Amino acid sequence: MAGLVSRIRGLLSGEAVVDAGLPLERIPFAVVDTELTGLDEKRDSVVSVGAVKMSGTRIELGRTFYQLVSPRADFKRESVVVHGITPDDVAQKPPLDAVAADLLAFCGDRVLAGHFLALDLGFLGRECPSIRAADWRRRAVDTMRLHQWLASQRHAGDFSPQGEELNLDAVARRRGIRPAGAHNALADAFTTAQLLQRLLRALPDHGVRTLGDLLRVGRP
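## Remarks on the packing of helix H7 (residues 143-154) against helix H9 (residues 185-202)
So, step 1. Viewed as axis vectors pointing N to C, H7 and H9 meet at an angle of 35 degrees, and their least axial separation amounts to 10 Å. Crossing hand, H7 versus H9: left-handed. Contacts between H7 and H9 pair Thr-143, Leu-146, His-147 and Leu-150 from the former with Thr-192, Leu-195, Leu-196, Leu-199 and Ala-202 from the latter.
So, step 2. Looking at the contact of H7 with H9 residue by residue, the classes come out as 6 nonpolar, 3 polar and no charged.

Now the structure itself:
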């Protein structure tokens, strides 16, 4: 495992990962989502990972990643109801560690994006040392944070998120997106990519024009 971690660190350090002056329209993104056995970071586990590539506001159709994984934790009935993945579905699937190299290679040195991304990064990093070593948080943006920041700008700072639903489905619909296949990691990554499209188009009107600006207002 130490060798794998070292190899991936070398791969990721081979180029300048973050160019703060990069214009929004040129930023390469990997939009990531996970499904879980539950939301307890100490007890629950990842059951699937999905990712979609974007270049600026353009979704790179066909360049996707999806993998069911065998979780460390037992399934909870309520989580099965949400995502529809059962123990039988993953009985013969590899653990997250075994697919991490493929996921890291897919994402490369792209900027990570997701909705409530801290939750996904927390589970992925806790369960997989090679993903934790990649230190995705330093080049990651959260569409929920971007949505909240834009709302605060429209309300001249007088904005309270109290009472507003901030889950992916609610925010996407508020931005004119009709989510399909909710709680499938790949479908949710695609919905998040569409949401990121809308946000990136709105941000320049509020002075956010570069990757450095984006990280400043959208870190998980």
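## Things to note about the packing of aromatic side chains
So, step 1. Using the criterion set out here, one finds 1 aromatic pair in the structure.
So, step 2. Summarising the aromatic geometry, the rings of Phe-65 and Phe-106 are spaced 5.9 Å apart at their centres and angled 45 degrees between planes, so their arrangement reads as tilted. One end of the pair, Phe-65, is in strand S3 (residues 58-68); the other, Phe-106, is in helix H4 (residues 96-107), and 41 residues separate them in sequence. Exposure class is identical for Phe-65 and Phe-106. Each is buried.

Calculation notes
Residues numbered from 1 in each chain as written. Predicted model: local features only at pLDDT ≥ 70, side-chain atom pairs only at ≥ 80, totals over all residues. Heavy atoms only, no water. Axes fitted to C-alpha atoms, helices over the stretch in contact; angles between N-to-C directions. Helix = DSSP H or I, 4+ residues; strand = E, 2+ residues; numbered from the N terminus. Left-handed = near helix turned anticlockwise from the far one by under 90°. Contact = heavy atoms within 4.5 Å. Nonpolar A, V, L, I, M, F, W, Y, C, P; charged D, E, K, R; others polar. Phe/Tyr/Trp six-rings, centres within 6.5 Å; stacked < 30°, edge-to-face > 60°. Buried < 20%, exposed > 50% of the residue type's maximum accessible area, 1.4 Å probe, protein only.

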